[in-house]
Amino acid sequence: WDKLRDGLKGVRNRWSQGIAALFLGGTVSEAFWENLEDLLVSGDVGVELAERLIAELREYAKKGHLSETSQLRDYFLSLLEDRLLSVKGMGEPLALSPRPSLTLLVGVNGSGKTTTAGKLAAQYRRQGHRVLLAAADTYRAAAIDQLKSWGERTGCRVVSQGPGSDAAAVVFDAIQAARSTDADLILADSAGRLHTKHNLMEELRKLRRVIDRELPSEAVEVLLVLDAVMGQNGFRQVEAFHEALGLTGVILAKYDNTAKGGVLLSVVDRLKLPIRYVGLGEGVEDLRLFSPHDFVEELLS
Ligand code: GDP
């Protein structure tokens, strides 16, 4: 979050500064409500959520006979934060027990799955865990190679087979390897080609069945890696993944690339899934546990 605060001096800052400025002072007028709604919607909060937030804030202003916008700031902050905290598991790290635990990363091609697997491997390894990477995106040779190079960088073993092999077999192997080497955590990459969406979902369901046969549900996470830049357009895809797999959370990748910080609120509101981590760059360090409090402070400071 330091990086988020310090590094993003561009468009997103102007967006959040615009919101912050509205609450600095001035009269609570129709123009204030309109400006606030425009800013929220232009920042990808989504029309419906923006309207609901404003309705609640209006109610608060009316009840308290508040006529200064600065009197509304703290309530608005708590409104946003409460909304984030109402979804269980927000900002929680990966499940690590019973051992070995497994986190399956799913999402469309290019969303950031392989990179996120590498960043998570580095973090958990640094904390002293034994991490094993499973190259279950067997469609693209490049994805297998990319994961292998993360394995080298992070000092984690990579379980893989050749391109075109059965993803479920790779994950099955990884679970056996984790048991025999006493590993704590398996991070499994997966395929994300969209043009054959049905087959993809079938493949992922099969993967999930194999995992569920081998491991207790408390040890399994299925996290969707979502490209923050997709804005309001990517939700249908997400719903398809959720229906097929029962997601346990979302990692919002490339948050550094979007000028529209509101997408994060919108993801939580629409999907009712916790944001677990946020990707803030391409480097190995650029992944943070999501903090609702810091996020809201950043938005309105
Ligand atoms: P996959 O196809 O889902 O496995 O996606 P990749 O992990 O290959 O990522 C696609 C591209 O997005 C790569 O160029 C990554 O370096 C980049 N990327 C991944 N996460 C982030 C992030 O949080 N911020 C930025 N700026 N780039 C990212």
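- As recorded in an unreviewed UniProt entry, the protein chain goes by the name Signal recognition particle receptor FtsY, listed as coming from Aminithiophilus ramosus.
- The protein chain has a UniProt comment under Sequence similarities (unreviewed entry) that states "Belongs to the GTP-binding SRP family. FtsY subfamily."
- Check the Subunit (unreviewed entry) section of the UniProt entry for the protein chain; it says "Part of the signal recognition particle protein translocation system, which is composed of SRP and FtsY."

**Considerations on the UniProt feature "domain: SRP54-type proteins GTP-binding" (unreviewed entry) in the protein chain**
Part 1 of the reasoning: Under the local residue numbering, the UniProt record ascribes the feature "domain: SRP54-type proteins GTP-binding" (unreviewed entry) to residues 274-287.
Part 2 of the reasoning: Secondary structure within residues 274-287 divides into 0% helix and 43% strand; the distance between the first and last C-alpha atoms comes to 16 Å.

**Considerations on the site of the ligand**
Part 1 of the reasoning: Close to the ligand lie 19 residues, the nearest being Gly110, Thr114, Thr115, Asp256 and Glu282.
Part 2 of the reasoning: Here an oxygen atom of the ligand and a backbone polar atom of Gly112 are 2.9 Å apart.
Part 3 of the reasoning: Interatomic distance of 3.4 Å between a side-chain N/O atom of Lys119 and an oxygen atom of the ligand.
Part 4 of the reasoning: Within the complex, 83% of the 590 Å² of free accessible area of the ligand lies under protein.
Part 5 of the reasoning: Residue composition of the shell around the ligand, grouped by class: three nonpolar, 10 polar and six charged.

**Here's the deal with the packing of helix 5 (residues 73-85) against helix 11 (residues 263-271)**
Part 1 of the reasoning: Where helix 5 meets helix 11, the closest approach of the two axes is 9 Å, and the angle between their N-to-C directions is 45 degrees. In terms of orientation, helix 5 lies oblique with respect to helix 11. Two packed elements cross with a definite hand, and for helix 5 against helix 11 that hand is left-handed. Between helix 5 and helix 11, the contacting residues are Leu80, Arg83 and Leu84 on the first element and Leu264, Leu265, Val268 and Asp269 on the second.
Part 2 of the reasoning: Of the residues that constitute the contact of helix 5 with helix 11, the class distribution is five nonpolar, no polar and two charged.

**So, the confidence of the model for the protein chain**
One rule of thumb: low pLDDT means the predicted coordinates there are not for detailed reading.
Part 1 of the reasoning: Looking at the protein chain as a whole, the pLDDT averages 91, with 93% of positions reaching at least 70.
Part 2 of the reasoning: Reported confidence for the predicted complex is 0.99 by ipTM and 0.91 by pTM.

**Quick notes on the nonpolar core**
Part 1 of the reasoning: Phe23, Leu36, Phe76, Phe241 and Val267 are the most contacted members of the largest nonpolar core, which totals 82 residues.
Part 2 of the reasoning: Here this core gets seven residues from one element, more than from any other, and that element is helix 8 (residues 167-181).
Part 3 of the reasoning: In this view, Phe76 contacts Ile19, Phe23, Leu36, Leu40, Leu53, Leu57 and Leu300; residues no more than four positions away in its chain are not counted.
Part 4 of the reasoning: Leu120, Ala121, Leu133 and Leu147 belong to the second-largest nonpolar core, a separate cluster that totals 20 residues.

**Some remarks on the packing of aromatic side chains**
Part 1 of the reasoning: Scanning the entire structure with this criterion turns up five aromatic pairs.
Part 2 of the reasoning: Note that Arg153 overlies the ring of Trp150, its terminal NZ or CZ placed 4.3 Å from the centroid.
Part 3 of the reasoning: In this structure, Arg193 is placed above the aromatic ring of Tyr139, and the distance from its NZ or CZ to the ring centre is 3.5 Å.

Criteria and cut-off values
- Residues numbered from 1 in each chain as written.
- Predicted model: local features only at pLDDT ≥ 70, side-chain atom pairs only at ≥ 80, totals over all residues.
- Heavy atoms only, no water.
- UniProt positions renumbered as here; feature names shortened; annotations may be inferred.
- Helix = DSSP H or I, 4+ residues; strand = E, 2+ residues; numbered from the N terminus.
- Near = heavy atom within 4 Å.
- Polar contact = N/O pair within 3.5 Å; in protein donor to acceptor, adjacent residues only side chain to side chain.
- Areas by Shrake-Rupley, 256 points an atom, 1.4 Å probe, with all protein chains shown as cover.
- Nonpolar A, V, L, I, M, F, W, Y, C, P; charged D, E, K, R; others polar.
- Axes fitted to C-alpha atoms, helices over the stretch in contact; angles between N-to-C directions.
- Parallel < 35°, antiparallel > 145°, perpendicular 65-115°, else oblique.
- Left-handed = near helix turned anticlockwise from the far one by under 90°.
- Contact = heavy atoms within 4.5 Å.
- pLDDT = per-residue confidence, 0-100.
- Core = buried A, V, L, I, M, F, W, Y, C linked by side-chain atoms within 4.5 Å.
- Buried < 20%, exposed > 50% of the residue type's maximum accessible area, 1.4 Å probe, protein only.
- Phe/Tyr/Trp six-rings, centres within 6.5 Å; stacked < 30°, edge-to-face > 60°.
- Lys NZ or Arg CZ within 6 Å of the ring centre and 35° of its normal.

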